[in-house]
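So you can see what is in the structure, the chains are spelled out below.
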Amino acid sequence: MKDEIAKVETRRSADEAAVEALLNREIDAFFSLDYAAWADCYLHSDKMRSTMMSHELGLDVREGWDQHDAGTRLHFEGQVPTSERWEKRTEAIHVRGDMAWATCRATTDASLCMMGETYETWVLERHDGAWKIVCVNVMASRSRQHESDGIAVDATGRVVGMGPSASRHLQNHPAFTLRGGCLRATDPSVDRALQAAITRAGALHGFFEQAAYTEMEGQRFAYPIVIERTDDTGHEVIMLTVQDSHTYLEFGTSQATTARVDASALVFGLSDNQHRVMLGVVNGQSLPVIAAELGISPATAKTHLQRVYEKTGTTSMTALVRTVLSVA
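Residues numbered from 1 in each chain as written. Predicted model: local features only at pLDDT ≥ 70, side-chain atom pairs only at ≥ 80, totals over all residues. Heavy atoms only, no water.

1. Points about the nonpolar core
Next, step 1: Grouped together as the largest cluster of nonpolar side chains are 26 residues, with contacts concentrated most on W38, Y42, W122 and I133.
Next, step 2: Every element with two or more residues in this core is listed here: α1 (2-31), α2 (35-39), α3 (65-78), β3 (86-96), β4 (99-108), β5 (117-127) and β6 (130-141).
Next, step 3: Considering each element in turn, this core owes the most residues, 7 residues, to α1.
Next, step 4: The contact partners of Y42, leaving out residues within four places of it in the chain, are E26, M48, W65, H68, W122, K132 and I133.
Next, step 5: Counting residues in hydrophobic clusters, the runner-up holds 23 residues, among them V237, L305, Y309 and V324. (Core = buried A, V, L, I, M, F, W, Y, C linked by side-chain atoms within 4.5 Å. Buried < 20%, exposed > 50% of the residue type's maximum accessible area, 1.4 Å probe, protein only. Helix = DSSP H or I, 4+ residues; strand = E, 2+ residues; numbered from the N terminus. Contact = heavy atoms within 4.5 Å.)

Pasting the structure below:
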C-alpha cells in the first residue's frame, strides 16, 4: 500500500513539474515572439477558453482556439523583439488524473495590455501524454498609469509603490515626508486630515466595500485634500482614489481629475473661460498665474472666478476644488 502511495506521489510530482515547465515555456515563447512554440502549448479545440481583463482595456473573452489564436496572433505579427522583462511565480499546482490547474502571479514591464502585475489561473488537460492548456484567466492589477503618476499605499497607510514623478515631487516637497514607510505631512493639522483620509480609503479596499460605497454615494471613492500654501501663491490638491486593493495618492492634475473638471463645467453650465479658470484653480494656480496663462487681466480672471463661485455655490478656492472634484 505504501509503495502504491509513493508511486502516486512521484507521478504527481512529475506531472506538477511538467505543468510548471509548460507554463514557463508558454510565457517564454510569448515574449520571444516564437509563435510555433507558443501555439504548441495549447489544445486546439472549441473547448479552449481564455479570459483577460485589465483596467485600461476592460474584459476580453475568447471562446475556442480559433478566437484565442486570432487575438493573440496580432501580438506576434505586430511586435518586434525587445528587452522587456517578465517574472512569473507559480503559487500552486494541483493534478487529478489527466486534468491539472495552476495559480500564478506574474509581473512585467511590457507595455502590452498595460499590465503591471497579473493574477492567473490555468487549466490543463493531458492529451496523448502531453499537457495542453485548455483554459486561462488573467486579471491585471495595479494600473501602470497609476504606478507612473502616484503613490500607492496599503490599507495601513504604508507606501508600497511610487512612480518616478511622484518620487521626484516628494523629494523636494516641503510639506511631506516618508516616516516609518508611511506618507506624512509636516503640518500636524494637515497630517491628521491626510491620515484620516487614508484610513477612510483603506476601509474600502475590498470589492464588496467598494461596491457598497459606490451604490450609496453614486460614484466610486475619490477624495481631494486641499492644502493652502503659506506663501499665498495658491494651493495644492492631493487626490485619493481606491483601486486594486490599494489607495493611490496623486499630486496635481491627473487625467481622471481633468475629466471631473470637464464634467463639472457641464453640470454647472460654465462658459469656456470660466471652465479654464476653474481648471487653473484645481491645478493649484493662483489667480495672477491663471490670468497670465489665459492672456487676460487679473481683474477679468477674478470676474470669471466670481461667476464660477456663484454657479457652483462656493465662496473660496478650497471649497470650489472640493465641489468640483466631487462630481463623478
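2. Focus on the packing of aromatic side chains
Next, step 1: Counted under the stated rule, the structure contains 10 aromatic pairs.
Next, step 2: Considering the side-chain rings of W38 and Y42, the 4.9 Å spacing of their centres and the 50° angle between planes classify their relative orientation as tilted. Both residues of the pair, W38 and Y42, count as buried.
Next, step 3: Taking 5.6 Å as the distance between ring centres and 35° as the angle between the ring planes, the aromatic pair formed by W38 and W65 counts as tilted. Of this pair, W38 sits in helix α2 while W65 sits in helix α3; the two residues are 27 residues apart in sequence, bridging distant segments of the chain. Like W38, the residue W65 is buried in the burial classification. (Phe/Tyr/Trp six-rings, centres within 6.5 Å; stacked < 30°, edge-to-face > 60°.)

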